[in-house]
Amino acid sequence: AVRNQVVDLIEGKRLRDLDPEGESLDHLIITLACKHTFTNVATKSSWALGLIRESVAAFDSARVAQDMEKTIENVRLSALEKEAAEGQAYQRKLVLPPNEPLPVPSKRFGKTSHHLERVPQPIKDPWTRATRRLIAYYEEASQVATATSAHVQAYEAAVATLSEEYLAELGHSDDLEGSISPQDMALGLARRRCGLLAPPRADVRFKVEACWLTFGIRFHLASLAQRVQEIFTKADIPKKVRSYWADMIEDILCSVERDASLTIDVAQNSRSTRQVVRTVLFLIEAQYQVISHRSLNPVRLEALKDEARKGYAEAKATVAKYGGQFREAMDSGPAEQQWLEDNYIIPADSTFGKWTVLLTQLEKGTFDHQVAAAQNSQIVKALLDKSFGTSKWHTETTEGRN
């Protein structure tokens, strides 16, 4: 009877019609202990993420950069100097508050961003207009990541309904042991009947994937901002303005690092081993890009060298740690070992290759940031393609640099 139950209301599929595609059914549906099987929100979430991703892929970064360059050419530098010097003193804020949700709100990168407050209007206005759609895509992906799923709602509804029934049966009995109230007893019986809410892996899957998508959007946004930063340098934009802009870019990249760490915890708690190692790749890429971005202004060169060496060693240790956990948790057969090699070890080596080049450049004091930026876009595209499947992601970003 269970196999004949409809579990996909959109396509009318029954349980027996589902094709797990290598995944266990608990990634696709949820069945409570009381034997009620509920529709998975996977179709809706996958569809939403796919639309967002394709929309971001169609975003014309090259055109935005060109429009910003034309705008800056027409801006009077003396006016920028005056506007940057006026107003309240700017305070550098790069530390994310501990109570920030996952993923961090888009207000950190949008028109109300703290770092944009001190950027002159002739630059801020065209930037916020140009990136408005990217911010909107970010907000849509965030909604997928934070939405309460149908699984959780169904569980809560089942518990609430049964709890009311048990409470009606218990009435206002005074025969309960100890100090337990009828309400507590009814709730306990209802939860025992429904079972503990098993980790809704399908829900967590899309929460993690939505977070990956926000990482991609933020990398995309940082890459675009770095291209505008290059325009600033060529146009001799005031140093203060460039400093505000550089802080904004670093904040975007640091937010990816912070959210990737939290997303690893989410995936681990649901025992989604493959998602854990995929998320580690986003983490070490963000850590590299933070250091690489700081090298654009190598005033503290010696300190940056030490930071880069320490970051590289920590990233290597992180990759080794989670790779080891994967081998322990998964079947160590040839298929899983090959999956780990193709989807974790090789991509991680690509990031470490960039890191090695950066360390060498820091020692020599020579930097080629255009090459590094192109490599960053290629690696982020590869990470997203591995995670979601091949798409046009970032194609226009790399083409725009050629």
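The rules behind these values
- Residues numbered from 1 in each chain as written.
- Predicted model: local features only at pLDDT ≥ 70, side-chain atom pairs only at ≥ 80, totals over all residues.
- Heavy atoms only, no water.
- Helix = DSSP H or I, 4+ residues; strand = E, 2+ residues; numbered from the N terminus.
- Buried < 20%, exposed > 50% of the residue type's maximum accessible area, 1.4 Å probe, protein only.
- Areas by Shrake-Rupley, 256 points an atom, 1.4 Å probe, with all protein chains shown as cover.
- Phe/Tyr/Trp six-rings, centres within 6.5 Å; stacked < 30°, edge-to-face > 60°.
- Lys NZ or Arg CZ within 6 Å of the ring centre and 35° of its normal.
- Salt bridge = Lys/Arg side-chain N within 4 Å of Asp/Glu carboxyl O.
- Expected span 1.5 Å × (residues − 1).
- Arc of directions from axis to C-beta.
- pLDDT = per-residue confidence, 0-100.
- Contact = heavy atoms within 4.5 Å.
- Patch = residues over 30% accessible without salt bridge, like charges linked within 9 Å, V, L, I, M, F, W, Y side chains within 5 Å.
- Lys, Arg positive; Asp, Glu negative; His and termini not counted.
- Charge placed at Lys NZ, Arg CZ, Asp CG, Glu CD.
- Axes fitted to C-alpha atoms, helices over the stretch in contact; angles between N-to-C directions.
- Parallel < 35°, antiparallel > 145°, perpendicular 65-115°, else oblique.
- Left-handed = near helix turned anticlockwise from the far one by under 90°.
- Nonpolar A, V, L, I, M, F, W, Y, C, P; charged D, E, K, R; others polar.
- Core = buried A, V, L, I, M, F, W, Y, C linked by side-chain atoms within 4.5 Å.

If you tally the helices and strands in the chain, you get 14 helices and four strands. Looking at the chain as a whole, 49% of its 402 residues qualify as buried. Accessible surface, the chain: about 20300 Å² in total, of which carbon and sulfur atoms supply 51%.

Let's shift gears to the packing of aromatic side chains. The way to describe two aromatic rings as a pair is by their centre distance and the angle between their planes. Counted by the stated rule, this structure contains ten aromatic pairs. Aromatic ring contacts, followed pair by pair, group Trp212, Phe215, Phe282 and Phe388 into a single cluster. Looking at Lys316, its charged tip hangs above the ring of Phe352, at a distance of 4.7 Å from the centre.

With that settled, the discussion passes to unusual backbone geometry. Here the bond from Leu102 into Pro103 is cis, since omega is -5 degrees, no more than 30 degrees from zero. The topology assignment puts Pro103 in the loop between α3 (77-85) and α4 (121-130). Phi at Asp236 is positive, roughly 60 degrees, even though this residue is not glycine. Assessed through its relative accessible area of 53%, Asp236 is described here as exposed. Even without a glycine there, the phi angle at Arg271 is positive, about 60 degrees.

This brings us to the pattern of salt bridges. Per the stated rule, a full pass over the model turns up 14 salt bridges. Among the ionic pairs, Asp259 bridges to Arg258, the shortest N-O distance being 2.5 Å. Classification of Asp259 by relative accessible area gives buried; the value is 0%. For Arg258, a relative accessible area of 17% gives the class buried. Notably, a salt bridge pairs Glu363 with Lys305, separated by 3.9 Å at the nearest N-O pair. In this pair, Glu363 sits in helix α12 (residues 334-364) while Lys305 sits in helix α11 (residues 301-329), placing the two residues 58 residues apart along the sequence. Assessed through its relative accessible area of 48%, Glu363 is described here as partly exposed.

A few words on the environment of Val319. The residue Val319 is located in helix α11 in this model. Put simply, Val319 and Val280 are 39 residues apart on the chain and 7.0 Å apart in space, counted from C-alpha to C-alpha.

If you check helix α10 (residues 273-294), its first and last C-alpha atoms are 33 Å apart, about what 22 residues at 1.5 Å a residue would give, namely 32 Å. With 20 of 22 residues buried, α10 lies mostly within the body of the structure.

Along an α-helix, residues three or four positions apart point the same way, because every turn accommodates 3.6 residues. Counted at 1.5 Å a residue, the expected span for helix α2 (residues 61-73) with its 13 residues is 18 Å, and the 18 Å between its end C-alpha atoms agrees. Within α2, the full set of buried residues consists of Ser61, Ala62, Val64, Ala65, Met68 and Ile72. End-on view of α2: buried residues confined to an arc of 160 degrees, all on one side of the axis. What points out from α2, more than 90 degrees from its buried face, is the exposed set Arg63, Lys70 and Glu73.

Next up on the list: the confidence of the model for the chain. Interpretation of the predicted coordinates at a detailed level should be avoided for regions scoring low in pLDDT. Here the chain averages 78 in pLDDT, while 72% of its residues score no lower than 70. Ranking the helices and strands of the chain by mean pLDDT puts α10 first, with 96, and helix α14 (residues 395-401) last, with 38. Counting contacts from residues 8-12, a segment whose pLDDT is below 50, to residues more than four positions away or on other chains yields six contacts.

Together, Lys111, Arg129, Arg132 and Arg133 make up a region of like positive charge exposed at the surface. Mapped onto the elements of the fold, Lys111 is located in the loop between α3 and α4. Overall, the relative accessible area of 65% leaves Lys111 in the exposed class.

Right, let's get into the packing of helix α9 (residues 239-269) against α10. Relative to each other, α9 and α10 sit at 160 degrees, their axes nearing to 9 Å. With respect to α10, the element α9 is oriented roughly antiparallel. In terms of crossing hand, the pair formed by α9 and α10 is left-handed. Of the residues in the contact of α9 with α10, the class split is 14 nonpolar, eight polar and three charged.

Once that is clear, we can look at the nonpolar core. Within the largest apolar cluster, 84 residues are counted, with the highest numbers of intra-cluster contacts made by Trp127 and Trp245. In this structure, Trp127 is in contact with Met68, Leu116, Leu221, Leu224, Ala225, Val228, Trp245 and Met248, ignoring residues within four places of it in sequence. Within the second largest apolar cluster, seven residues are counted, among which are Val159, Leu162, Ala186 and Cys194.

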